[in-house]
Amino acid sequence: MTIAARLRQYLDGEGVGYDAVPHPRATTSAGSAHAAHVPGAKVAKPVVVHHEDGYILAVVPSTHRVELGALRDVLGRRPGLATEAEIARLFDDCEFGAVPPVGAAYGLPVLLDESLDGASELYFEGGDHTTLVRVGGDAFRALMKDARRARFSHPAAGA
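Residues numbered from 1 in each chain as written. Predicted model: local features only at pLDDT ≥ 70, side-chain atom pairs only at ≥ 80, totals over all residues. Heavy atoms only, no water.

Chemist: Quick rundown of the overall build of the chain? Include the residues and the values.
Modeler: A count of helices and strands for the chain gives five helices and ten strands. Since a compact globule built from 159 residues should have a radius of gyration of about 15 Å, the 14 Å found for the chain is in line with a globular shape. For the chain, the spread of C-alpha atoms along the three principal axes comes to 40 × 35 × 30 Å. The 159 residues of the chain split such that 53% are buried. If you average the places of the 16 positive and of the 20 negative side-chain charges in the chain, the two averages end up 3 Å apart. (Helix = DSSP H or I, 4+ residues; strand = E, 2+ residues; numbered from the N terminus. Rg over C-alpha atoms; globule rule 2.2 N^0.38 Å. Buried < 20%, exposed > 50% of the residue type's maximum accessible area, 1.4 Å probe, protein only. Lys, Arg positive; Asp, Glu negative; His and termini not counted. Charge placed at Lys NZ, Arg CZ, Asp CG, Glu CD.)

Structure below.
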């Protein structure tokens, strides 16, 4: 159970209180939610997106899917999903697929789906496949203070 070094440094530097929540190995955010017995709607999942000017983290609940058309409208540019190699380079202290949504820790802007507003607590990947990070809603909003907010996702089938 580990939290990625850059994420831990950023959380500690910002004075954000958090808990590490260990769980059996899972390879998706929704799987981590299930393994940790946490509602999937309370797990913030980042989708790494590239566009002409660089990268952005599009953060949605693990129960949702990003609508690329809506994302294009919000960004005003054509988005695409980052490749595995791009993600590995951007998040070199994380296991692939265990990317945290705290873009500021990695120098990346964040676009936060409005469906995450108002939550009393949220969870997110800590950088490996066996740890979720739990923060209170106010702490999460503080971590996302520079994030742009919009609606660009929809619930996944069966979620």
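Chemist: I'd like to hear about unusual backbone geometry, residue by residue, with values.
Modeler: You will see that histidine 37, though not glycine, has its phi angle at about 60 degrees, which is positive. Considering the arrangement of structural elements, one finds histidine 37 in the loop between helix H2 (29-35) and strand S2 (43-51).

Chemist: How would you sum up the pairing of strand S8 (residues 131-136)? Please name residues and give values.
Modeler: Within a regular strand, side chains alternate between the sheet's two faces. Where strand S1 (residues 19-22) lies against S8, four bridges are found, and the strand directions are antiparallel. Its bridge partner being in S8, alanine 20 is matched across the sheet by valine 133. Pairing analysis gives five bridges linking strand S7 (residues 121-125) to S8, with the strands arranged antiparallel. Looking at S8, one finds that glutamate 121 is bridged to glycine 136. From the end of S7 to the start of S8, which pair antiparallel, there are five residues, and glycine 127 there has a positive phi angle of about 120 degrees. (Pairing = 2+ DSSP bridges.)

Chemist: Describe the nonpolar core, and please don't skip the residues or the numbers.
Modeler: Proteins that are soluble and globular tend to have nonpolar side chains buried together. Formed by 34 residues in total, the largest nonpolar core has its most connected members in Leu7, Val48, Phe91 and Phe124. With near-sequence residues (within four places) excluded, phenylalanine 124 lies in contact with Leu7, Ala44, Pro100, Pro101, Val102, Thr131, Leu132, Val133, Val135, Phe140 and Leu143. Of all hydrophobic cores here, the second largest spans 13 residues; its members include Ala58, Ala70, Leu75 and Leu111. (Core = buried A, V, L, I, M, F, W, Y, C linked by side-chain atoms within 4.5 Å. Contact = heavy atoms within 4.5 Å.)

Chemist: Pulling in residues and values, what's your account of the pattern of salt bridges?
Modeler: Tallied over the full model, the rule gives eleven salt bridges. Here aspartate 19 ties to arginine 134 by a salt bridge, and the two come within 2.6 Å at their closest N and O atoms. Note that aspartate 19 is positioned in strand S1 and arginine 134 in strand S8, a separation of 115 residues in sequence. Residue classification places arginine 134 among the partly exposed residues on the basis of a relative accessible area of 24%. Aspartate 53 is the salt-bridge partner of arginine 77, the closest N and O atoms lying 2.5 Å from each other. (Salt bridge = Lys/Arg side-chain N within 4 Å of Asp/Glu carboxyl O.)

Chemist: I'd love a proper account of the environment of valine 74, names of residues and values included.
Modeler: Its location among the elements puts valine 74 in helix H3 (residues 68-75). As for valine 74 and alanine 150, which are separated by 76 residues in sequence, their C-alpha atoms are 7.2 Å apart. The contacts of valine 74, once residues within four sequence positions are left out, are Leu111, Arg148, Ala150 and Arg151.

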